[in-house]
Structure formats: C-alpha cells, structure tokens
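# Structure assessment
So you can see what is in the structure, the chains are spelled out below.
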Amino acid sequence: MAFDFKKEYKEFYLPPRTPTIVTVPPMHYIAVRGQGDPNVQDGSYQEAIGLLYAVAYTIKMSKKSDRRMEGYFDYVVPPLEGFWQQDAVFGVDPAHKESFRWISVIRLPDFVTQEDLAWAVQEAAKKKPGDFSRVEYLSVNEGLCVQCLHVGAYDDEPATVGRMHAYMAQEGFLLDITEHRLHHEIYLSDARRVPPEKRRTMIRHPIRPAETASGRR
C-alpha cells in the first residue's frame with residue numbers, strides 16, 4: 001500500500017478544529033514563488049500549481065523510468081500547501097489579495113535529493129508547457145507552531161486565526177511571524193470541487209515562548 005503522509009503524520013496534516021501546539025520537524029518541498037492575487041484566472045498562482053503537480057507526479061512515477069532514486073518507496077502525493085505573507089501584516093489580510101507574496105509547495109519524500117528534483121523538472125518540462133525555471137527545492141524548519149483546522153471559505157480564515165492566537169497567548173506563547181517564519185496553509189480540499197463553506201484548510205502560525213522581565217516564562 002502506498003505511503004500516505006496525511007495518515008502517517010496526522011498531527012501535522014489533520015489537526016482538530018480546536019487550536020493545538022505542535023513542533024514541526026524539518027521538511028523538504030517542491031516550491032514555486034510568486035506574488036499577487038491567487039484567484040486571477042490563468043495567473044501566476046494557477047501556473048505555479050500546474051508546475052508543482054507536473055513535477056510531483058514525475059517523481060512519483062519515476063519508478064517506471066530509467067531514473068533510480070535511492071530509497072524510493074511508493075507514496076500518495078501530499079496535498080498542496082502555501083506559505084503566505086504581506087507587508088506589515090502578521091498573517092494574511094484576505095481583503096487585499098493583490099499584495100500577497102506566496103510560496104506554493106508540495107512536500108517531498110525524504111529520499112528525493114536536489115539532483116533528483118532537477119531531473120524531474122527537466123522531464124516534466126518535456127511534457128508540459130510552462131516556465132519550469134520557477135521550480136526550486138525548498139527546505140523549511142518550522143519548529144514550534146500553533147495550528148488549527150479551518151472549515152469554510154478562505155476569506156473567513158481570520159476568525160480561526162483569532163482563536164489560534166487567543167489559545168497561544170493563554171498557553172504562554174507569542175506570535176513569531178517573520179520574513180522566514182510564515183503563515184502556512186495546507187489544503188485538504190480540492191477548491192475546484194468543494195464549495196467554499198465546506199473546504200478544509202489546516203492553518204499554522206509560528207510561535208515562541210513568552211518571556212517575563214526576568215527572562216523566564
């Protein structure tokens with residue numbers, strides 16, 4: 001049976017609808033960066049998703065090619081994810097999507113090296129049009145975070161984020177969004193097929209322990 005990241009690592013992909021604190025280990029991704037409104041038809045974000053899936057499935061199906069990746073095991077391609085930021089916003093402001101800067105990603109199994117990814121990009125580019133020079137290998141170590149399952153439209157996420165922030169403060173933590181620690185979403189529903197009110201999205205924010213004047217929590 002193919003390895004399924006969502007089932008094997010439920011604490012990172014299937015959190016409850018109540019906020020929880022989690023320490024996320026380092027992970028590697030196929031990534032495409034961009035900016036602007038993700039809803040623009042045939043825009044940069046839509047192209048990014050196409051590039052990611054083309055490369056992801058090239059890696060998954062490498063078992064049928066001449067490429068032998070050391071340690072390869074059959075797996076279910078993990079869900080689409082995104083790291084989002086806006087200037088002067090600690091999280092995201094859905095009212096101003098035109099100012100989004102984003103990194104769209106799909107998780108890589110640990111056996112995939114940068115050389116393997118470079119091969120997959122070349123192979124995918126032979127079969128699908130698009131600017132595959134945008135694709136990169138990205139390593140992220142999120143560390144300590146607060147996360148929660150959001151059910152509903154993306155524009156309604158601020159209510160869930162508010163509950164996350166209230167919970168982290170109650171537990172003695174501070175928000176720690178920076179240029180390198182970002183608002184993170186994992187898309188557990190296919191937006192093309194699931195109506196907005198039923199979409200399931202995992203939201204994750206980086207945090208750090210609050211310190212007292214003496215330097216202790």
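Summarised in this report is the structure supplied together with it. Every value quoted in this text rests on a predicted model; they were computed, and no experiment measured them.

Calculation notes
Residues numbered from 1 in each chain as written. Predicted model: local features only at pLDDT ≥ 70, side-chain atom pairs only at ≥ 80, totals over all residues. Heavy atoms only, no water. Helix = DSSP H or I, 4+ residues; strand = E, 2+ residues; numbered from the N terminus. Rg over C-alpha atoms; globule rule 2.2 N^0.38 Å. Contact = heavy atoms within 4.5 Å. Areas by Shrake-Rupley, 256 points an atom, 1.4 Å probe, with all protein chains shown as cover. Lys, Arg positive; Asp, Glu negative; His and termini not counted. Charge placed at Lys NZ, Arg CZ, Asp CG, Glu CD. Buried < 20%, exposed > 50% of the residue type's maximum accessible area, 1.4 Å probe, protein only. Phe/Tyr/Trp six-rings, centres within 6.5 Å; stacked < 30°, edge-to-face > 60°. Lys NZ or Arg CZ within 6 Å of the ring centre and 35° of its normal. Expected span 1.5 Å × (residues − 1). Arc of directions from axis to C-beta. Core = buried A, V, L, I, M, F, W, Y, C linked by side-chain atoms within 4.5 Å.

## Concerning the overall build of the protein
A count of helices and strands for the protein gives five helices and nine strands. Secondary structure elements of the protein occur, N-terminal to C-terminal, as α-α-β-β-α-β-β-α-β-β-α-β-β-β. Scaling as 2.2 N^0.38, a compact globule of 217 residues should have a C-alpha radius of gyration of about 17 Å, and the protein matches this with 18 Å. Over its C-alpha atoms, taken along the principal directions, the protein stretches across nearly 60 × 40 × 30 Å. A sequence separation of at least 24 residues applies to 75% of the contacts in the protein between residues at least 6 apart. Looking at the protein as shown, the accessible area adds up to about 11400 Å², and 51% of this sits on carbon and sulfur atoms. Charged side chains in the protein number 28 positive and 30 negative. The centres of these two groups are separated by 5 Å.

## Considerations on the environment of leucine 175
For leucine 175, the position within the fold is in strand E7 (residues 173-175). Take leucine 175: its relative accessible area is 23%, and that puts it in the partly exposed class. Residues leucine 175 and leucine 138, 37 residues apart in the sequence, show an inter-C-alpha distance of 23 Å. With near-sequence residues (within four places) excluded, leucine 175 lies in contact with Phe90, His165, Met168, His205, Pro206 and Ile207.

## Topic: the packing of aromatic side chains
Tallied over the entire structure, the rule returns 16 aromatic pairs. Each ring, one from tyrosine 45 and one from tryptophan 84, has its centre 5.6 Å from the other, and the planes form 40°; the classification is tilted. Of this pair, tyrosine 45 sits in helix H3 (residues 44-60) while tryptophan 84 sits in strand E3 (residues 80-85), and the two are 39 residues apart along the sequence. Assessed through its relative accessible area of 9%, tyrosine 45 is described here as buried. Judged by relative accessible area, which is 5%, tryptophan 84 ranks as buried. Three or more aromatic residues joined by ring pairs make a cluster, and in this case those are Phe3, Phe5, Tyr9, Tyr72, Phe73, Tyr75 and Phe111. The side chain of lysine 60 reaches across the aromatic face of tyrosine 75, ending 5.7 Å from its centre.

## A closer look at helix H5 (residues 157-170)
Along its 14 residues, H5 runs 20 Å from first to last C-alpha, staying within 8% of the 20 Å computed at 1.5 Å per residue. Turning to H5, its buried residues number three or more, namely Glu157, Thr160, Val161, Met164 and Met168. The buried residues of H5 occupy an angular sector of 100° when the element is viewed end-on, so they sit on one face. In H5, the exposed positions angled more than 90 degrees off the buried face are occupied by Ala159, Ala169 and Gln170. Residues of H5 that are buried make contact with strand E6 (143-151), E7, strand E8 (183-187) and strand E9 (200-209). Immediately downstream of H5, the backbone of glycine 172 shows phi near 90°, a positive value.

## Brief notes about unusual backbone geometry
Positive phi, close to 60°, is recorded for aspartate 42, a residue that is not glycine. Turning to its location among the elements, aspartate 42 is positioned in the loop between strand E2 (27-35) and H3.

## Digging into the nonpolar core
One finds Ile30, Val55, Ile59, Phe132 and Val135 to be the most contacted residues of the largest nonpolar core, which totals 49 residues. Ranked by residues supplied to this core, first place goes to H3 with nine residues. Residues contacting valine 135, with those up to four places away along its chain left out, are Ile30, Ala31, Val32, Leu51, Val55 and Val121. One finds Cys148, Met164, Met168 and Phe173 within the second-largest nonpolar core, a separate group that totals eight residues.

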